Amino acid sequence: MDKENKIIKTGTGTGTGTGTGMGTGKGTGMGTGKGTGTRIGTGTQCRVVITNESNHELEKLVEQIKEGNETVEISKSDVANYVFGNLNKLMSESDIKVLKNIYFDERKVLQNLLKQSQDGMDLPVEIKKMVRDFYGLSDKEKKRSAKNSSEAVLDN
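What you see is a predicted model, and the numbers here were worked out from it, not measured in a lab.

**Considerations on the overall build of the protein**
For step 1, the next point in the chain: Broken down by element type, the protein carries 7 helices and 4 strands.
For step 2, the next point in the chain: Per-residue burial over the protein gives 13% buried out of 156 residues.
For step 3, the next point in the chain: Considering only contacts within the protein whose residues lie at least 6 apart along the sequence, 44% involve residues at least 24 apart.
For step 4, the next point in the chain: Accessible surface, the protein as shown: approximately 12,600 Å² in total, 55% of it carbon and sulfur.

**A short note on the pattern of salt bridges**
For step 1, the next point in the chain: Tallying each qualifying case throughout the model produces 4 salt bridges.
For step 2, the next point in the chain: For Lys60, the salt bridge is made with Glu57, and the minimal N-O distance between the two is 3.3 Å. Of this pair, Lys60 and Glu57 both sit in helix H1 (residues 52–66), separated by 3 residues, roughly a single helical turn.
For step 3, the next point in the chain: By relative accessible area, Lys60 is classed as partly exposed at 38%.
For step 4, the next point in the chain: Since its relative accessible area comes to 44%, Glu57 is described here as partly exposed.
For step 5, the next point in the chain: Across the salt bridge formed by Lys129 and Asp133, the nearest N and O atoms sit 2.8 Å from each other. Of this pair, Lys129 and Asp133 are both found in helix H6 (residues 125–134), 4 residues apart, which corresponds to roughly one turn of the helix.

**As for the confidence of the model for the protein**
For step 1, the next point in the chain: The pLDDT averaged across the protein works out to 76; a share of 62% of its residues lies at or above 70.
For step 2, the next point in the chain: The model gives residues 9–38 a pLDDT under 50, and that stretch makes 71 contacts with residues more than four places away or in other chains.

Conventions and cut-offs
- Residues numbered from 1 in each chain as written.
- Predicted model: local features only at pLDDT ≥ 70, side-chain atom pairs only at ≥ 80, totals over all residues.
- Heavy atoms only, no water.
- Helix = DSSP H or I, 4+ residues; strand = E, 2+ residues; numbered from the N terminus.
- Buried < 20%, exposed > 50% of the residue type's maximum accessible area, 1.4 Å probe, protein only.
- Contact = heavy atoms within 4.5 Å.
- Areas by Shrake-Rupley, 256 points an atom, 1.4 Å probe, with all protein chains shown as cover.
- Salt bridge = Lys/Arg side-chain N within 4 Å of Asp/Glu carboxyl O.
- pLDDT = per-residue confidence, 0-100.

Written out as structure tokens, the structure reads:
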């Protein structure tokens, strides 16, 4: 794993424990994260890779939650699970559009269009025009050359 990413465990497990480290698996097991704590629940546990910046923000949030209250014992995994469990409430349609924009892949679009074309579906007119324009060819020249070639045949 590179230095810029950290892996945090999300999901739930059963058991209590102290120490540091990460774990995988289903069912019961020790809690994760630094310090001591109790993890209650069952289910499959999964991993998420986050950047150092995201990890720092998660640590700040954990400290804010614990601030001034020694009776609160919470880990980064607890906060991450809460956030992921409430994503539908926390993210708006505009957030989703922003993510779609950030991760839009033009190559994937073109690959899908070519695949559809190979399966017999015609390319959209806008794509055909864009490709012709990109190579300096216009529809007028295409029509003109077709007309000139038919005139040459008629003249013979």
